[in-house]
Amino acid sequence: MTGKPQTPPTRETLTPAEVEAVARAAHEGQTDKAGRPYAEHLAAVAAGVRARGGDEEQIAAAWLHDAVEDDALTRQWLAAAALTPRTKAIVDALTKRAGEEPAAYARRILAVPGALLVKEADLAHNADPERLALLDEPTRKRLTEKYARMRALLGLRRA
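The structure contained in this document is the topic of the report that follows. Just so it is clear, the structure is predicted and the values come from calculations on it, not from any experiment.

### What about the overall build of the protein chain?
Looking only at helices and strands, the protein chain has 9 helices and 0 strands in total. Taking 2.2 N^0.38 as the reference for a compact globule, 159 residues should give roughly 15 Å; the C-alpha atoms of the protein chain span a radius of gyration of 15 Å, in line with that estimate. Along the longest, intermediate and shortest principal axes, the C-alpha atoms of the protein chain span 50 × 35 × 30 Å. In the protein chain, which comprises 159 residues, the proportion classed as buried is 42%. Counted over contacts in the protein chain with a minimum sequence separation of 6, partners at least 24 positions apart contribute 61%. In the form shown here, the protein chain has an accessible surface area of approximately 8,600 Å², with 55% of it arising from carbon and sulfur atoms. Measuring between centres, the 24 positive side-chain charges of the protein chain sit 5 Å from its 23 negative side-chain charges.

Written as structure tokens, this is what we have:
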């Protein structure tokens, strides 16, 4: 956790269960590189955030961390969503931009309180040896190197 006070939920803020339902619906029919339902990745990242001591805002961001990047939800949806400003900022920080260099992406994550923990959980699941074992060798090698570079840019120790 960041140590910053979390924004208290209001009646206008989606509940954790509602955020999960939105994320699952947004990614319905999508699969990961191994052909597994994409929601499995989202659930694993959310669980990883919780296990690392993340708060409800970070867990909500974990469920939504790929939604805008994967065109499952729009930036307009995120801006208008019944989420806390902190959750929106984390999701935005984790959304890669077209043509963006990895170092710029890492700097944005590091600049947004709470985003690093969510990205750490994302990288941990992406680099899970059991998950990577389902991929062909060239893809496994490429992704392993990509995730290691990002961990280094973010100052994270090996998973």
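### What to know about the packing of helix H6 (residues 102-111) against helix H7 (residues 115-126)
Contact geometry of H6 with H7 gives a least axis separation of 7 Å together with a crossing angle of 125 degrees. Here H6 lies oblique to H7, going by the angle between them. Packed against H6, whose contacting residues are Tyr105, Ile109 and Leu110, the element H7 presents Ala115, Leu116 and Lys119 at the interface. Here the residues of the contact of H6 with H7 are counted per class, giving 5 nonpolar, no polar and 1 charged.

### So, the nonpolar core
In this structure, Val49, Trp63, Leu64, Ile90, Val118 and Leu154 are the most contacted members of the largest nonpolar core, which totals 41 residues. Going through the elements one at a time, helix H1 (16-26), helix H2 (38-51), helix H3 (56-64), helix H5 (85-94), H6, H7 and helix H9 (137-154) are the ones with two or more residues in this core. Element by element, the count of residues in this core is highest for H3, at 6 residues. Once you skip the residues sitting within four places of it in the chain, Val49 turns out to touch Gly54, Gln58, Ile59, Ala62, Leu117, Val118 and Ala121.

So, how was this worked out
- Residues numbered from 1 in each chain as written.
- Predicted model: local features only at pLDDT ≥ 70, side-chain atom pairs only at ≥ 80, totals over all residues.
- Heavy atoms only, no water.
- Helix = DSSP H or I, 4+ residues; strand = E, 2+ residues; numbered from the N terminus.
- Rg over C-alpha atoms; globule rule 2.2 N^0.38 Å.
- Buried < 20%, exposed > 50% of the residue type's maximum accessible area, 1.4 Å probe, protein only.
- Contact = heavy atoms within 4.5 Å.
- Areas by Shrake-Rupley, 256 points an atom, 1.4 Å probe, with all protein chains shown as cover.
- Lys, Arg positive; Asp, Glu negative; His and termini not counted.
- Charge placed at Lys NZ, Arg CZ, Asp CG, Glu CD.
- Axes fitted to C-alpha atoms, helices over the stretch in contact; angles between N-to-C directions.
- Parallel < 35°, antiparallel > 145°, perpendicular 65-115°, else oblique.
- Nonpolar A, V, L, I, M, F, W, Y, C, P; charged D, E, K, R; others polar.
- Core = buried A, V, L, I, M, F, W, Y, C linked by side-chain atoms within 4.5 Å.

Spatial relationships are all this shows, so hold off on functional conclusions.
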